Amino acid sequence: MWTVLWFRPAIMSTLLLLLLLSNLCRLGQSMSREEKLKLRNQVVEMFDHAYSNYMDHAYPADELMPLTCRGRVRGQEPSRGDVDDALGKFSLTLIDTLDTLVLLNKTTEFEEAVRRVLRDVRLDNDIVVSVFETNIRVLGGLLGGHSMAVMLKDTGYHMQWYQDELLHMAKDVGLRLLPAFNTSSGLPYPRVNLKYGLRSPESRTGTETDTCTACAGTIILEFAALSRFTGDPVFEVHARRALDFLWEKRQRNSNLVGTTINIHSGEWVRRDSGVGAGIDSYYEYLLKAYILLGDDLFLQRFNIHYASIMKYISQPPLLLDVHIHKPLLPARTWMDSLLAFFPGLQVLKGDIRPAIETHEMLYQVTKKHNFLPEAFTTDFRVHWAQHPLRPEFAESTYFLYKATKDPYYLEVGRTVLDNLNRFARVPCGFAAMKDVRTGSHEDRMDSFFLAEMFKYLFLLFAEEEDLTFNVEDYIFTTEAHLLPLSLSTAPHAPSPANATSEEELDDSNFDWTCPNTRLLFPDPAFPRNLRDPIRSAVDKSCPRPAIHREPGMGRPPLRAQDFMANNPDHLELLRRMGVSLIHLKDGRVQLVQHATQAVSAVAAEDGMRFMQEMMELSSQQQKEQLPPRAVQIVSHPFFGRVVLTSGPAQFGTDLSKSITGVRGFVTVAEPYSGCAELSNAAFVQGRIALLQRGQCMFAEKARHIMKAGAIGGIVIDDNEGSSSDTAPLFQMAGDGRNTDDVTLPLLFLFYKEGNILLEALKEYREVEVLLSDKARDRGRDVQEEEEDCSTDQTSPIPAATLDQLHVRTVEQDESAPHNEEVTPEEDVGPAIKRNPEPEEEPDVDKDSSRKSVEAMMADWREDLEAFQQMEDEL
């Protein structure tokens, strides 16, 4: 696919990168040609096993059921829900396999398969199908088959009878899909009836309102190819319009898109954003549309999205979903297997390093479970145990080998082959895994297994002379169908003049167009050095040989539970282990290890163990998560209408077990850090102490204010500008010792929320707050509510209240690093929650102080609606 370079000069440095890496990254002994030939032939044999069983036991049904050796016919088998929307009684597997036959040099079988399709397949079935699946599998399969038929015909040896029959069928499919695009936004309905279209009584569809981003954004390659093959621009126009609308609806601050969108209003229904299920091929098609069609607009958009992906979603080697409005907040703690395509896309872009890292993580998970689970957690445990024989990991393996020529990836491919034969092969084909942990099977063999898996594995082991045509003259669709790059020069309708803005044409958006020369490392061990630490992180039980260690580098020299970021000796030990400490803008601390920066291989090993301990420590603390707490200002002139979202402590008084909470006046501790005995203990006694984050452990602060007689404590972040608007809340952990002696409540406020409290104290001197598990009714006397709680402890609180929220991050101590892997799934609400105004406004003078406080609160009002919408999703 690197032939793209011949018509896009801007990407020629990608070719240089691939050539250089091919020479630099050969590690160990290369696989012999004989061994590669053996594996290539094994791929062909496995394909024959799957294809022949489909033809013998299932055709003309859409798919093979390999456990019962029969075809899956929609309506005759129990419904599997949305999965069945791919089935349209159009011999799906045969169409999806057409160009695979040619790639595997099965020309005779291809010719016979084309004749079968033309003779047997009907497209006017009264059946509702997925627009997305029908486009990539059926339309894409017919176009790929047509491309191969034309190529073979041009050689003069095969398909001489062919007169574009597959292309005519492809246009028929395209016309049957077009009614789905009849929306005001241009986004297609998710389903369409092949015979009756939409909205008619017979269609049984057309009432849907939502579709996934990938469903609407993975149309352009097939529709544009159809337009350029046939000369009818209508298909490309509709596909471009859908992409334009998605681009316009991106979140403008984060430049990310959500997972599900309303096809009529354009409102995001699901605001989580990642590179896996629901979004994946949208990004893929932006880059590939640029490659196939030569339109700079697609590359510009891809570059903008990619920069945001690498800024917010990519946490090498992980790719974690975030919220588009609050991209610093991870949306879930697990990854789905569809994101395995992304390293391959990064190779196509030329960003090799993160591709190597993520691919290695996926490989280690594969070795741990034999297959990639449908979803797995950030500590690489099974989240969803199914594996429907997805090809994305094999796809990325092929592209990485193509880029680096590192024989390591041939061994990865061998592992994929071995696992398929050992665990998925059955007498009638290959069966999907129902549970990778138990090895149980599911009676399904999806068409994409034949369309994609065997293409990429064959290309991985094939030599150039094994191919009957030049694969680099084609681009792979998301279903691995082959479309010729010559379509870029075919006649087509011009792009709309207003399709882009001057901002999008800014040359700065091309900063990532070509690989940075910093990636061209002279060290041939570079890929291995990236892979080794990741291998250790995933397989924590891997035995390590006894190694002589240099002085000062123990096993390990520093324990995660002992680490403090303000300890110079600890920082020096981290440096020697290749671990960097980064202070994030939101006040958190992040640890990153680069094994190549360690003083020795042994030090790098110790650093990896330290990182593992830190992840395990954070994972353990995550299991002890508590919901957020409330700091409610109840004194004049607030009367409970200002509520600050606060993080709890894993020690001290459990406010969720307190009916009344802890109420008292606040005062600033001296010293403000609370890390020494208080000098103003007499004034703190009987009050709630305000403390500044830093310099010592949270538990130590609590002990000092408790000794002074405080009834509670509030720790305020010392990182100016931090806010729960943009950063995840976290709970304060102990100091590794027994904290049963701490018997008062301790809460945490970010800088922005803490400053509200400090400003109120500055203006009114006497400020009373209520520390509780959730906000009490605003505008109502809190004492009155406490008296009534025996009869009504569940008085309603309007939407977006604190008890609906969930903690985001667990911090080990004042200086413990934030582990981005340890984050729960739900969103966090705004820092301040406000009820509607009470019917009777308290009689308060509207003096300048009142106006000042109202001005502070106004900063958060405009964001409240967006946050409430986010909470509504939970």
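Residues numbered from 1 in each chain as written. Predicted model: local features only at pLDDT ≥ 70, side-chain atom pairs only at ≥ 80, totals over all residues. Heavy atoms only, no water.

**Observations concerning the overall build of the chain**
Phase 1 of the analysis: Scanning the chain from terminus to terminus reveals 24 helices and 31 strands.
Phase 2 of the analysis: Across the 874 residues that make up the chain, the buried fraction comes to 62%.
Phase 3 of the analysis: In the chain, 73% of the contacts between residues at least 6 apart in sequence involve partners at least 24 apart.
Phase 4 of the analysis: For the chain, the computed accessible surface area is about 33,200 Å², with 49% contributed by carbon and sulfur atoms. (Helix = DSSP H or I, 4+ residues; strand = E, 2+ residues; numbered from the N terminus. Buried < 20%, exposed > 50% of the residue type's maximum accessible area, 1.4 Å probe, protein only. Contact = heavy atoms within 4.5 Å. Areas by Shrake-Rupley, 256 points an atom, 1.4 Å probe, with all protein chains shown as cover.)

**Here we look at helix α9 (residues 234-248)**
Phase 1 of the analysis: Relative to the 21 Å expected for 15 residues at 1.5 Å per residue, α9 spans 21 Å between its end C-alpha atoms, a close match to the ideal helical length.
Phase 2 of the analysis: Turning to α9, its buried residues number three or more, namely Phe235, Glu236, Ala239, Arg240, Ala242, Leu243, Phe245, Leu246 and Trp247. (Expected span 1.5 Å × (residues − 1).)

**Structural notes on the confidence of the model for the chain**
Phase 1 of the analysis: Averaged over all residues, the pLDDT of the chain is 81; the fraction at 70 or higher stands at 76%.
Phase 2 of the analysis: In the predicted structure, residues 1-28 sits below a pLDDT of 50 and forms 74 contacts with residues beyond four places in sequence or in another chain.
Phase 3 of the analysis: Long-range and interchain partners of residues 855-874, a stretch whose pLDDT sits below 50, account for 40 contacts in this model, where long-range means more than four residues apart. (pLDDT = per-residue confidence, 0-100.)

**What about the sheet that holds strand β13 (residues 375-377)?**
Phase 1 of the analysis: Pairing is antiparallel in the open sheet, where 3 strands are placed in the order β12-β13-β14. Sheet topology places β12 (334-336) and β14 (382-384) at the edges, where each strand pairs with a single neighbour. On average, adjacent strands in this sheet sit at an angle of 30° to one another, irrespective of strand direction.
Phase 2 of the analysis: Here β13 runs beside β14; their pairing, made up of 2 bridges, is antiparallel. Paired with Phe376 across the strands is Val382, a residue of β14. (Pairing = 2+ DSSP bridges. Axes fitted to C-alpha atoms, helices over the stretch in contact; angles between N-to-C directions.)

**Things to note about the packing of aromatic side chains**
Phase 1 of the analysis: In this structure the tally under the stated criterion is 26 aromatic pairs.
Phase 2 of the analysis: Summarising the aromatic geometry, the rings of Phe223 and Phe235 are spaced 5.8 Å apart at their centres and angled 90° between planes, so their arrangement reads as edge-to-face. Within this pair, whereas Phe223 is found in helix α8 (residues 220-230), its partner Phe235 is found in helix α9, the two being separated by 12 residues in sequence. Just as Phe223 is buried, Phe235 falls in that class too.
Phase 3 of the analysis: Measuring from ring centre to ring centre gives 5.5 Å for Phe748 and Phe750, while their planes differ by 85°; the resulting arrangement is edge-to-face.
Phase 4 of the analysis: Assessed through its relative accessible area of 1%, Phe750 is described here as buried. (Phe/Tyr/Trp six-rings, centres within 6.5 Å; stacked < 30°, edge-to-face > 60°.)

**Focus: the packing of helix α13 (residues 352-369) against helix α17 (residues 526-538)**
Phase 1 of the analysis: Running from N to C, α13 and α17 cross one another at 40°; their axes reach a closest spacing of 9 Å. As the angle between them shows, α13 and α17 are arranged oblique. The handedness of the crossing between α13 and α17 is right-handed. Where α13 approaches α17, its residues Arg353, Ile356, Glu357, Glu360, Met361, Gln364, Val365 and Lys368 are matched on the opposing element by Phe526, Pro527, Leu530, Arg531, Ile534, Arg535 and Val538.
Phase 2 of the analysis: Partitioned by chemical class, the residues of the contact of α13 with α17 number 8 nonpolar, 1 polar and 6 charged. (Parallel < 35°, antiparallel > 145°, perpendicular 65-115°, else oblique. Left-handed = near helix turned anticlockwise from the far one by under 90°. Nonpolar A, V, L, I, M, F, W, Y, C, P; charged D, E, K, R; others polar.)

**A closer look at α13**
Phase 1 of the analysis: A rise of 1.5 Å per residue sets the reference length of α13, with its 18 residues, at 26 Å; its end C-alpha atoms lie 26 Å apart and thus fit the reference within 8%.
Phase 2 of the analysis: With 16 of its 18 residues buried, α13 lies for the most part within the structure.
Phase 3 of the analysis: Remark: Asn370 follows α13 within two positions and exhibits a positive phi of approximately 75°.

**Some thoughts on the pairing of strand β25 (residues 662-668)**
Phase 1 of the analysis: Sheet topology places β25 next to strand β30 (residues 768-772); 4 bridges connect them, and they run antiparallel. Note on β30: the bridge partner recorded for Phe665 is Glu768.
Phase 2 of the analysis: Note: β25 against strand β26 (residues 688-692), 3 bridges, orientation parallel. Residue pairing across strands places Val668 opposite Leu690, the latter belonging to β26.

**Remarks on the state of the cysteines**
Phase 1 of the analysis: Inspection of the entire model under this criterion finds 3 disulfides.
Phase 2 of the analysis: The disulfide that involves Cys675 links it to Cys696, with 2.0 Å between the sulfurs. In this structure, the disulfide formed by Cys675 and Cys696 twists by about -85° around the S-S bond and is classed as left-handed. Residue Cys675 is located in the loop between β25 and α20 (681-684), and its partner Cys696 is located in the loop between β26 and α21 (698-707); the two are separated by 21 residues in the primary sequence. The same class applies to Cys675 as to Cys696, namely buried. (Disulfide = S-S within 2.5 Å.)

**Looking at the sheet that holds strand β29 (residues 746-749)**
Phase 1 of the analysis: An order of β24-β23-β30-β25-β26-β27-β29 is seen for the 7 strands of this open sheet, with the pairing classed as mixed. What marks the edges here is a single partner per strand, and that holds for β24 (642-646) and β29. Averaged over all pairs of adjacent strands, the angle between their axes in this sheet comes to 30°, without regard to strand direction.
Phase 2 of the analysis: By the bridge criterion, 5 bridges tie strand β23 (residues 629-633) to β24 in an arrangement that is antiparallel. Bridge assignment links Arg629 to a residue of β24, and that residue is Ser646.

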